[in-house]
Amino acid sequence: MLKDLLYFPEKIEQTNMSINEICDIISDGYTKQFPKLEELIGGLRSNRKLIGLWMQFSENKRGSPSWYFLKAGEKYIVGYLDTDYQCNEGMFEDQYFACAVFIKLEMESRLIATAG
Amino acid sequence: MFVDGAFSIVSGAAVGGFTCETGIGCLAAAGILSYGADTAGHGIVALWTGEQQTTFGAQLLMKTGLSQAQAEILYGLGAAGVELATLKYLVKSPALLTDDLLRSYKAEGSFLPSKIKDLSVLHITNSGETVLGHFPGYINKANLKGASFFDIGDAWNDLTPVQRWAANTHFLDAIASKGDIVKLSLTKGEINPNSYLAKEIEYLTGQKGYKWVNQWSLRPPSGY
């Protein structure tokens, strides 16, 4: 279940399904509770390439409003580009923590809503 | 099938610009140009025997490692005049050549609903400049300059990869036809080679004749 979530960006690259269709499939396990930040961080630490996958997923977006995750120098930024094209963002020093925050913001409402 | 073949003699010639960049492209080009006669002939055989045979064009594509079904789908799509960029994407991603894709293509006659086509050109301005980059930097820079940019909103999440790329190339075709200068929201050296941005630039330089001017921008071919 956690693995499905963490490797979500890889699934996007490997299938011919839409992002929402993939969400439909992996949302089955999230009817009640989304993984905690600590669980996400633990999963991300187990495979460093996951950070790059999520960053690429964010870079490749071509639709707003939406969340984003990027590297700026030695820091990591998680933010939201809103409907007025204003960026609201926070800066993090730890890449795992930043990525976990992005995953939670990007995926929680989407998966819970889909499952509900 | 026989009528199909006769039609394809015309439409096959229309996609004769298929390049040999990938190697597979050469085979596809050769196959597509002769598609009409090929499928018409097989149509006759199929009518006579009741059995579907592999077209010659598909046999060529199968030599590149595609399965028979994949080769037939790709061969058929090429002859039906599907956009070159979409075809090249499919050649590089044979796993995407599914029966569902073919059915969807047959149902809609296109990979891209007209609503998405309209959305993809919604943010084209008359500034003469387009900004490309990674999300969200390119949108921020474009808005500051009043330049064109690609943003299809929530629809992005509803489209398959093939449809996403078709929407993207529809936008790139539009700004290229206007002769827009392309500015980047990051330097050439900062481009992630596996990113959508890299594909967009490859399309503009490979298919639309764009040239790098400096680390930040590309210009259209002379004549604009």
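This structure is a prediction, so every number in the text was calculated from the model and none was measured.

Before going further, it helps to spend a moment on the overall build of chain B. Summing up its helical and strand segments, chain B has 12 helices and four strands in all. Evaluated residue by residue, chain B yields a buried proportion of 40% over its 224 residues. Taking the intrachain contacts of chain B between residues at least 6 apart in sequence as the baseline, contacts between residues at least 24 apart amount to 63%.

For chain A, the count of helices and strands is six helices and three strands. Along the first, second and third principal axes, the C-alpha atoms of chain A reach 35 × 35 × 25 Å. Out of the 116 residues belonging to chain A, those deemed buried represent 34%. Long-range contacts, defined here as pairs at least 24 residues apart, represent 53% of the contacts in chain A between residues at least 6 apart.

Contact with chain B, which involves 27 residues of that partner, is made by 17 residues of chain A. Those elements that place two or more of their residues in the side of chain B that touches chain A are α9 (137-145), α10 (155-158) and α11 (161-177) of chain B. Here the element with the most residues in the side of chain B that touches chain A is α10 of chain B; it accounts for four residues. Of the residues assigned to the side of chain B that touches chain A, the class counts are 13 nonpolar, 11 polar and three charged.

In this section: the pairing of strand β2 (residues 75-81) of chain A. Residues and elements named next belong to chain A. Pairing analysis gives seven bridges linking strand β1 (residues 66-72) to β2, with the strands arranged antiparallel. Each residue of the ladder has a partner; that of F69, found in β2, is V78. Note that β2 and strand β3 (residues 87-92) share six bridges and pair antiparallel. From the neighbouring strand, G79 faces β3, where its bridge partner is E89.

What follows deals with the nonpolar core. Note on soluble globular proteins: their nonpolar side chains tend to be buried together. Of all hydrophobic cores here, the largest spans 56 residues; its most connected members are W54, F69, C99 and F102 of chain A together with L204 of chain B. Those residues in contact with F69 of chain A, other than ones at most four positions away along the chain, are W54, M55, S58, V78, A98, C99 and F102 of chain A.

The omega torsion across S64 of chain A and P65 of chain A is 5°, close enough to zero to call that bond cis. In this fold, P65 of chain A is placed in the loop between α5 (49-59) and β1. The omega angle of the peptide bond from F135 of chain B to P136 of chain B is 0°, so this bond is cis rather than trans.

Now for the sheet that holds strand β2 (residues 181-184) of chain B. Hydrogen bonds between backbone groups are what pair the strands of a sheet, and the pairing can be parallel or antiparallel. All names here are of chain B. Read across the open sheet, the four strands follow the order β1-β2-β4-β3; overall the sheet is mixed. For this open sheet the edge positions go to β1 (129-132) and β3 (211-212), each flanked by a neighbour on one side alone. In this sheet, β2 lies alongside β1 in parallel orientation, the contact comprising four bridges. Residue pairing across strands places V131 opposite K183, the latter belonging to β2.

It is worth spelling out the environment of G133 of chain B at this point. Residues and elements named next belong to chain B. Along the chain, G133 turns up in the loop between β1 and α9. Since 22 C-beta atoms lie within 10 Å of it, G133 is described here as buried. For G133 and Y196, which are 63 residues apart along the polypeptide, the C-alpha to C-alpha distance reads 8.7 Å. In contact with G133, other than residues within four places in its own chain, are Y138, K141, L184, S185, L186 and L197.

Do not read the fine detail of predicted coordinates wherever pLDDT is low. Summing up the model confidence of chain A, the mean pLDDT is 91 and the portion of residues at 70 or higher is 93%. Looking across chain A, the model is least confident in helix α6 (residues 95-115) of chain A, with a mean pLDDT of 88, and most confident in β2 of chain A, with 97.

Moving on to the sheet that holds β3 of chain A. Residue and element names in this part refer to chain A. The strand order β1-β2-β3 describes an open sheet built from three strands, whose pairing is antiparallel. Of all the strands in the sheet, just β1 and β3 have a single pairing partner and so form its edges. Each strand of the sheet is rotated relative to its neighbour by a mean of 20°, with strand direction disregarded.

Conventions and cut-offs
Residues numbered from 1 in each chain as written. Chains lettered and ligands numbered in written order. Predicted model: local features only at pLDDT ≥ 70, side-chain atom pairs only at ≥ 80, totals over all residues. Helix = DSSP H or I, 4+ residues; strand = E, 2+ residues; numbered from the N terminus. Buried ≥ 20, exposed ≤ 12 C-beta atoms within 10 Å, placed from the backbone. Contact = placed C-beta atoms within 7 Å. Nonpolar A, V, L, I, M, F, W, Y, C, P; charged D, E, K, R; others polar. Pairing = 2+ DSSP bridges. Core = buried A, V, L, I, M, F, W, Y, C linked by C-beta atoms within 7 Å. pLDDT = per-residue confidence, 0-100. Axes fitted to C-alpha atoms, helices over the stretch in contact; angles between N-to-C directions.

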